[in-house]
Amino acid sequence: MWSILKREVRNYIKHPLFWLGMVVGVLMIVQSTGSYLNIHYLAEGETIVNNKPELVYHGEIYEGYVPTEENRRREIWEEWIQEVLILEFEMDRAKVQSIIGEIKEMDMMEACNYLEGYGFYQAYDAYVDTSYHKGTPEEINSYIAEKLEDRTFSYYFSRKFADFAGLFMGFFSAVLLSALFMQDTRRYTYELLHTKPIRAGNYLLGKVGGGFTACLIVLAVLNLIFFGLCFAAAGNSGFEVHLTDFLLATCFYILPNMLMMVSVYSLISLLWKSPLPAVPLLILYIVYSNMGSRNSEGVYGYYGRPLAIMVRFPGGFFDTAPPPMVLLNQSFLILVSLCMIFLSMQIWKRRRVY
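A. Summary view of the overall build of the protein. A tally of regular secondary structure across the protein gives 14 helices and five strands. Relative to the compact-globule value of 20 Å for 354 residues, the protein shows a C-alpha radius of gyration of 26 Å, a clear excess of over 25%. A principal-axis box enclosing the C-alpha atoms of the protein has dimensions of 95 × 50 × 30 Å. Counting over 354 residues, the protein shows a buried share of 48%. Here the analysis covers contacts within the protein between residues at least 6 apart in sequence; of these, 76% occur between residues at least 24 apart. Counting every atom, the protein has about 18400 Å² of accessible surface; 60% of that belongs to carbon and sulfur. When the 29 positive and 34 negative side-chain charges of the protein are each reduced to one mean point, those points stand 26 Å apart.

B. Quick look at a nonpolar patch on the surface. On the surface, a cluster of nonpolar side chains totalling about 480 Å² of accessible area is made up of Leu 307, Met 325, Leu 328, Phe 332 and Leu 335. With respect to the secondary-structure elements, Phe 332 resides in helix α14 (residues 326–350). In this structure Phe 332 comes out as partly exposed when scored by relative accessible area, which is 43%.

C. Seen up close, the sheet that holds strand β3 (residues 132–134). Read across the sheet, three strands follow the order β1-β3-β2 without closing on themselves; strand pairing throughout is antiparallel. Each edge of the sheet is formed by a strand with only one pairing partner; in this case those strands are β1 (55–56) and β2 (65–67). Against the sheet, helix α7 (residues 137–147) contacts β2 and β3, and its axis sits at roughly 60° relative to β2.

D. Examining the environment of Leu 37 more closely. By secondary structure assignment, the location of Leu 37 is in the loop between α2 (16–33) and β1. For Leu 37, a relative accessible area of 18% corresponds to the buried category. For the pair Leu 37 and Pro 306, spaced 269 residues apart in sequence, the C-alpha separation works out to 33 Å. Setting aside residues up to four positions removed in sequence, Leu 37 forms contacts with Phe 157, Leu 229, Cys 230 and Ala 233.

E. Local environment of the pattern of salt bridges. Applying the stated criterion to the full structure yields five salt bridges. Notably, a salt bridge pairs Arg 74 with Glu 78, separated by 3.0 Å at the nearest N-O pair. Of this pair, Arg 74 and Glu 78 both sit in helix α3 (residues 70–87), four residues apart, which is roughly one turn of the helix. The same class applies to Arg 74 as to Glu 78, namely buried.

The rules we used
Each chain carries its own residue numbering, running from 1 in the written order of its sequence. With the structure being a predicted model, the display of local features is reserved for residues of pLDDT at least 70 and the display and counting of side-chain atom pairs for 80 or more, all residues being used for whole-chain, interface and lining totals. Excluded from the side-chain calculation are hydrogens and water; included are all heavy atoms of the structure. Put simply, DSSP marks the helices as runs of H or I at least four residues long and the strands as runs of E at least two long, and each gets a number from the N terminus on. It is over C-alpha atoms that the radius of gyration is taken, and the globule rule equals 2.2 Å times the number of residues to the power 0.38. Type-normalised accessible area, obtained with a 1.4 Å probe on protein chains alone, sets the label of each residue: buried when under 20%, exposed when over 50%, and partly exposed for intermediate values. Whether two residues touch is decided by their heavy atoms; if any such pair falls within 4.5 Å, the residues are in contact. In this description, accessible areas are obtained by the Shrake-Rupley approach with a 1.4 Å probe, and a residue is regarded as covered only by the protein chains that are shown. His is not counted, nor are the chain ends, whereas Lys and Arg count as positive and Asp and Glu as negative. Every charge is mapped onto a representative atom, which is NZ of Lys, CZ of Arg, CG of Asp or CD of Glu. Patches here are clusters of residues that have more than 30% relative accessible area and form no salt bridge, with a 9 Å joining cutoff for like charges and a 5 Å cutoff for nonpolar side chains (Val, Leu, Ile, Met, Phe, Trp, Tyr). When a carboxyl oxygen of Asp or Glu is within 4 Å of a side-chain nitrogen of Lys or Arg, the pair counts as a salt bridge. Should DSSP find at least two bridges between two strands, the strands are regarded as paired. A fitted line through C-alpha atoms serves as each axis, taken over the contacting stretch for helices, and the angle formed by two N-to-C directions is quoted from 0 to 180°.

Take a look at the structure:
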């Protein structure tokens, strides 16, 4: 088993695609996460200037946006409703005041349904667009301090890293691992292997271990690079950074996905005697895992899917939260992967020539 594993790892390291993919991955993740490294406490007189609207559905702290308090959101929303009813619906002020008085006693969904009775169908969307506002320097510094009171800066950054690193590794592995069984599933090589006194467990674990270790090497390099970038940037801002945050995020949110992809390659390669059919299937699997959906309130977003091999953190930097039951899903991925490896062993044994 170990000799097979070492051989596979050496083959991957010698391949130019391995190093080219690693460089592309670093550039892609830097482009996606580099803005978060600019987060810092604003000095006296310093401001963040952008040309975006005052109120937005989703805003980032490095752009100067902070979450709007719930009471303030409702006030802004009611002021906007009042203005639209007067200017666009041409209602008199007495009628508008009556409507505003009615919805003040309602929760948000009830108020939106009530306004639909007047033909006002954009009320909820308008409320969503008040989620973030441009903060003053004091609000920005206070928000950063509040979020870093119990968590380290690397805790948040490592989740964003896991988001984009996991996305990159999904597509990269789909291409890289296609060579895992390529040589062994050629006609004469495949038949010759089945005449050798090699155990199915040793062979499969060596192959799967080799592919998984190659992915692990890429992830280890990415972890070290982005920990270094985070440490350099956050250190200048006085933020706390821990390498363990990166390692835990990688172990929880990326490694089970990689194990699943290697297992899929092993099963399909032995079923079809070729790893190539696994490539389009895994691409479709990645697309399925990365698809968004609507929650119970009808809000579109990423909420995770059963047995998904992607864990996304699409929220703001300090608002990142894993999808519901993500750790349970990752545990199921490991379990299913082990079952697929065991099934691959049985297929190998059935085709054995004694």
